[in-house]
Amino acid sequence: MKMHVRKNDKVVVISGNDKGVKSEILEAHPKKGTVLVKDVNIVTKHLKASKNAMKSEIVKMEAPINSSKVMLWCETCKKGVRPSYRFREDGAKVRYCKACDSEL
Ligand SMILES: [Zn+2]
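Criteria and thresholds
- Residues numbered from 1 in each chain as written.
- Predicted model: local features only at pLDDT ≥ 70, side-chain atom pairs only at ≥ 80, totals over all residues.
- Heavy atoms only, no water.
- Pairing = 2+ DSSP bridges.
- Helix = DSSP H or I, 4+ residues; strand = E, 2+ residues; numbered from the N terminus.
- Contact = heavy atoms within 4.5 Å.
- Buried < 20%, exposed > 50% of the residue type's maximum accessible area, 1.4 Å probe, protein only.
- Salt bridge = Lys/Arg side-chain N within 4 Å of Asp/Glu carboxyl O.

A. Quick peek at the sheet that holds strand β3 (residues 34-37). An order of β6-β3-β2-β1-β7-β8 is seen for the six strands of this open sheet, with the pairing classed as antiparallel. Two strands bound the open sheet, and with one partner strand each, they are β6 (65-66) and β8 (79-81). Taken together, the three bridges between strand β1 (residues 10-13) and strand β7 (residues 70-74) define a ladder with antiparallel strand orientation. Looking across to β7, one finds that V13 is bridged to V70.

B. Focus on the environment of V12. For V12, the position within the fold is in strand β1. Taking C-alpha positions, V12 is 15 Å from P64, a pair spaced 52 residues apart along the chain. With near-sequence residues (within four places) excluded, V12 lies in contact with G20, V21, K22, K69, V70, M71, W73 and G80.

C. Local environment of the pairing of strand β10 (residues 93-96). As paired elements, strand β9 (residues 84-87) and β10 share four bridges and run antiparallel to each other. In the strand pairing of β10, S84 is matched with Y96. Connecting β9 to the next strand, β10, in antiparallel fashion are five residues, including G91 with a positive phi near 90°.

D. Examining unusual backbone geometry more closely. Positive phi values are uncommon outside glycine, yet N41 reaches one of about 55°. Relative to the elements of secondary structure, N41 occurs in the loop between β3 and β4 (42-47). Exposure remark for N41: the relative accessible area of 28% places this residue in the partly exposed category. The backbone of D101 sits at a positive phi, close to 70°, despite the residue not being glycine. In this fold, D101 is placed in the segment after β10.

E. Molecular detail of the pattern of salt bridges. Counting across every chain of the model gives five salt bridges. Of the charged contacts, one joins D9 and R95 as a salt bridge, the two residues approaching to 2.9 Å between their closest N and O atoms. Of this pair, D9 sits in the segment before β1 while R95 sits in strand β10, and the two are 86 residues apart along the sequence. Under the relative-accessibility criterion, D9 is labelled buried at 8%. Taking relative accessible area as the criterion, R95 reaches 6% and is therefore assigned buried. In this structure, D101 engages R86 in a salt bridge whose closest nitrogen and oxygen atoms are separated by 3.0 Å. Of this pair, D101 sits in the segment after β10 while R86 sits in strand β9, and the two are 15 residues apart along the sequence.

Dropping the structure here:
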């Protein structure tokens with residue numbers, strides 16, 4: 001499955017509890033169609049006490065969300081956009097914003 005976003009992309013969440021949140025992709029999982037987005041879809045996990053930790057602790061971490069819930073953030077348009085693709089003169093495939101013509 002091909003995804004429109006990849007690691008380190010700036011994105012905006014377009015649905016769910018974190019709708020409207022601007023963040024970045026920590027991990028992309030194309031096979032599952034999910035992404036891990038910084039500070040989005042936070043879940044709390046209780047880590048039980050172990051040899052290394054004297055007491056149990058509560059850890060907050062991101063849980064993956066469906067990649068369709070995020071859009072690429074265009075810094076020029078200041079909004080989430082659907083990327084278009086084109087080839088640069090050097091042959092590299094790049095994503096760009098149709099609205100403002102800047103590379104994403
Ligand atoms: Zn734009």
